[in-house]
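# Per-entry structural report
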Amino acid sequence: MHNQPIPYGRQHLTDDDIAAVTNVLRGPLLTQGPHIAEFEAAFAQYVGSRYAVAVANGTAALHLCCMALDVKPGTRVITTPITFSASANCVRYCGGEVFFADIDPDTVILDVDAVRALLEQHPKGYFSGIIPVDFAGYPADLSAFRQLADEYGLWLLEDSCHAPGGSFLDAKGIEHRCGDGSLADLAIFSFHPVKHIAAGEGGMITTNDEQLYKHLLRLRTHGITSKPAELTEPQPGDPERGGWYMEMQELGYNYRLTDFQAALGTSQLHRADAMLDRRRAIARRYDDAFRNTNVQTIVPPSSVGHAYHLYVIQVDDRKGLYDFLRTKNIMAQVHYIPVHRMPYYQQFGWKAGDFPNAERYYARCLSLPMFPTLTDDEQAYVIEQVLSFCG
Ligand SMILES: *Cc1c(COP(=O)(O)O)cnc(C)c1O
């Protein structure tokens with residue numbers, strides 16, 4: 001029996017991380033200092049995108065993306081029911097309508113064929129975009145979504161909160177990293193402590209599109225710009241205009257990250273590859289332990305570089321196993337209650353039974369402890385308890 005509860009996820013902070021934060025706290029700039037640009041550049045390099053915009057959290061990232069993609073009342077967007085509700089809520093912030101399509105039970109990712117079927121039921125132009133989610137760290141097949149999006153004139157916003165460092169090989173054998181800007185118009189990440197990289201709170205948007213990038217920078221800071229080339233009323237000879245001049249050109253927000261959070265994020269990013277290797281090693285060990293048992297797992301093909309934010313098993317008596325593991329101090333968790341079943345979304349007509357694959361998955365899923373500092377002994381204990389319950 002473990003005296004300390006074993007959570008399903010946990011951040012890992014080193015002395016270097018703490019020093020990075022305290023250095024900023026001793027300096028002159030707590031926010032809007034040099035560490036934001038440094039974090040953005042390091043993150044863009046890590047995922048392989050041209051641009052990155054640091055923001056207050058992953059939800060703010062989603063909101064700004066929907067604004068930049070011009071979601072407004074009447075705009076219809078498709079996403080998955082198996083995700084954190086923020087993936088859908090961002091559309092509602094802008095007054096748009098959320099549509100769901102079922103998941104592929106083999107990957108728990110939004111099913112491209114189900115999305116195609118939904119698109120085919122309506123005239124072209126009815127929908128505006130798709131928000132695929134790299135659920136649990138399994139990268140969505142964005143080459144398939146891109147093809148569909150191009151066919152129907154849609155944008156793609158990848159919710160990659162679970163998958164920094166994830167990748168997949170497309171049919172031609174070309175590698176795409178999650179958020180690298182090669183297929184999705186925009187991708188977003190979260191730095192909540194339970195995610196791969198902790199910044200307290202924090203988020204990032206990545207893209208290869210210069211127009212979207214510039215727009216996102218403005219939206220992040222109230223819709224304000226002082227860049228001469230962006231001013232709507234360039235009157236350089238105006239004697240009344242001084243160095244203070246700026247324009248609020250549209251309604252934006254204060255969705256900035258602080259400089260000390262950015263320093264923490266950059267410091268964490270230095271260890272991202274090592275931490276991802278550790279997550280993958282933990283996953284291999286779970287895969288091996290549950291092979292040929294009645295604990296169902298998802299083992300990705302070799303073309304998929306899974307990022308393992310979560311390690312999800314599926315079992316018949318999920319509630320029994322959840323309760324049993326709690327008595328053993330193992331804090332397994334359920335990801336997620338389907339978004340369309342949330343009371344808020346029922347006002348739009350969604351109901352239980354709408355997406356059978358998602359609901360069958362939800363009835364059986366449980367996330368086991370998965371974080372880089374999980375020890376071999378702790379993992380052995382988790383495996384032993386799961387197998388003792390599942391027989
Ligand atoms: C965590 C998460 C978010 C939201 O990120 P926050 O930083 O908590 O706002 C959005 N989508 C998914 C899939 C997430 O896991």
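Residues numbered from 1 in each chain as written. Predicted model: local features only at pLDDT ≥ 70, side-chain atom pairs only at ≥ 80, totals over all residues. Heavy atoms only, no water.

## Here we look at the site of the ligand
The environment of the ligand is made up of 15 residues, and the closest members are G58, T59, D159, S190 and K195. Take H162: an N or O atom from its side chain is 2.8 Å from an oxygen atom of the ligand. Computed on the free molecule, the ligand has an accessible area of 380 Å², of which 93% lies beneath the protein chains in the complex. Contributing elements (two or more residues each) for the shell around the ligand: α3 (58–68) and α4 (86–93). Top contributing element to the shell around the ligand by residue count: α3, with three residues. The class makeup of the residues in the shell around the ligand is five nonpolar, eight polar and two charged. (Near = heavy atom within 4 Å. Polar contact = N/O pair within 3.5 Å; in protein donor to acceptor, adjacent residues only side chain to side chain. Areas by Shrake-Rupley, 256 points an atom, 1.4 Å probe, with all protein chains shown as cover. Helix = DSSP H or I, 4+ residues; strand = E, 2+ residues; numbered from the N terminus. Nonpolar A, V, L, I, M, F, W, Y, C, P; charged D, E, K, R; others polar.)

## Quick word on the sheet that holds strand β7 (residues 155–159)
Pairing is mixed across the open sheet formed by seven strands, whose spatial order is β1-β11-β10-β7-β6-β2-β3. Each edge of the open sheet carries a strand with a single partner, namely β1 (51–55) and β3 (97–100). When strand polarity is set aside, the average angle formed by the axes of neighbouring strands in this sheet is 20 degrees. Two strands pair when backbone bridges link them, and β7 and strand β10 (residues 186–190) are joined in this way by three bridges, in the parallel orientation. By the bridge assignment for β10, L157 is matched with L186. On top of the sheet, α3 reaches β1, β7, β10 and β11 (203–207); it is set at about 165 degrees to β10, its chief contact. Sheet strands touched by helix α5 (residues 112–120): β2 (76–79), β3 and β6 (129–131). Its angle to β2, the strand with the most contacts, is close to 155 degrees. (Pairing = 2+ DSSP bridges. Axes fitted to C-alpha atoms, helices over the stretch in contact; angles between N-to-C directions. Contact = heavy atoms within 4.5 Å.)

## What to know about the packing of α3 against α4
Between two packed helices, the angle of one axis relative to the other and the distance separating the axes together describe the packing. With their axes 8 Å apart at the nearest point, α3 and α4 run at an angle of 45 degrees to one another. The pairing of α3 with α4 is recorded here as oblique in orientation. As α3 packs across α4, the resulting crossing turns out to be right-handed. Contact residues: T59, L62, H63 and C66 in α3; A86, S87, C90, V91 and Y93 in α4. The class makeup of the residues in the contact of α3 with α4 is six nonpolar, three polar and no charged. (Parallel < 35°, antiparallel > 145°, perpendicular 65-115°, else oblique. Left-handed = near helix turned anticlockwise from the far one by under 90°.)

## A look at the domain arrangement of the protein
Segmenting the protein into domains produces domain 1 (15–230 + 244–269) and domain 2 (272–390). The centre of domain 1, based on its C-alpha atoms, is set 24 Å off from the matching centre of domain 2. Every contact between the two is made by 37 residues of domain 1 and, on the other side, 33 residues of domain 2. Considering only the surface of domain 1 that becomes buried against domain 2, F100, Y138 and H196 emerge as the three largest contributors, covering 21% of it. Linking domain 1 to domain 2 there are zero salt bridges. Summed over the shared surface of domain 1 and domain 2, the result is 15 residue pairs in polar contact (both at pLDDT 80 or more). (Domains from an automatic or database assignment. Buried area = accessible area lost by both parts, 1.4 Å probe. Salt bridge = Lys/Arg side-chain N within 4 Å of Asp/Glu carboxyl O.)

## With respect to the packing of aromatic side chains
Throughout the structure, instances matching the rule amount to 25 aromatic pairs. Relative to F127, the ring of F99 lies with its centre 5.0 Å away and its plane at 90 degrees, an arrangement referred to as edge-to-face. Of this pair, F99 sits in strand β3 while F127 sits in the loop between α5 and β6, placing them 28 residues apart in sequence. As far as the burial class goes, F99 and F127 line up, both buried. Both rings, one in W350 and one in F355, keep their centres 5.8 Å apart while their planes meet at 35 degrees; by these two values the pair is tilted. Each member of the pair, W350 together with F355, is buried. One cation-aromatic arrangement involves K124 over Y152; the distance from NZ or CZ to the ring centre is 5.4 Å. Its end group placed over the ring of Y362, R318 keeps NZ or CZ at 5.1 Å from the ring centre. (Phe/Tyr/Trp six-rings, centres within 6.5 Å; stacked < 30°, edge-to-face > 60°. Buried < 20%, exposed > 50% of the residue type's maximum accessible area, 1.4 Å probe, protein only. Lys NZ or Arg CZ within 6 Å of the ring centre and 35° of its normal.)

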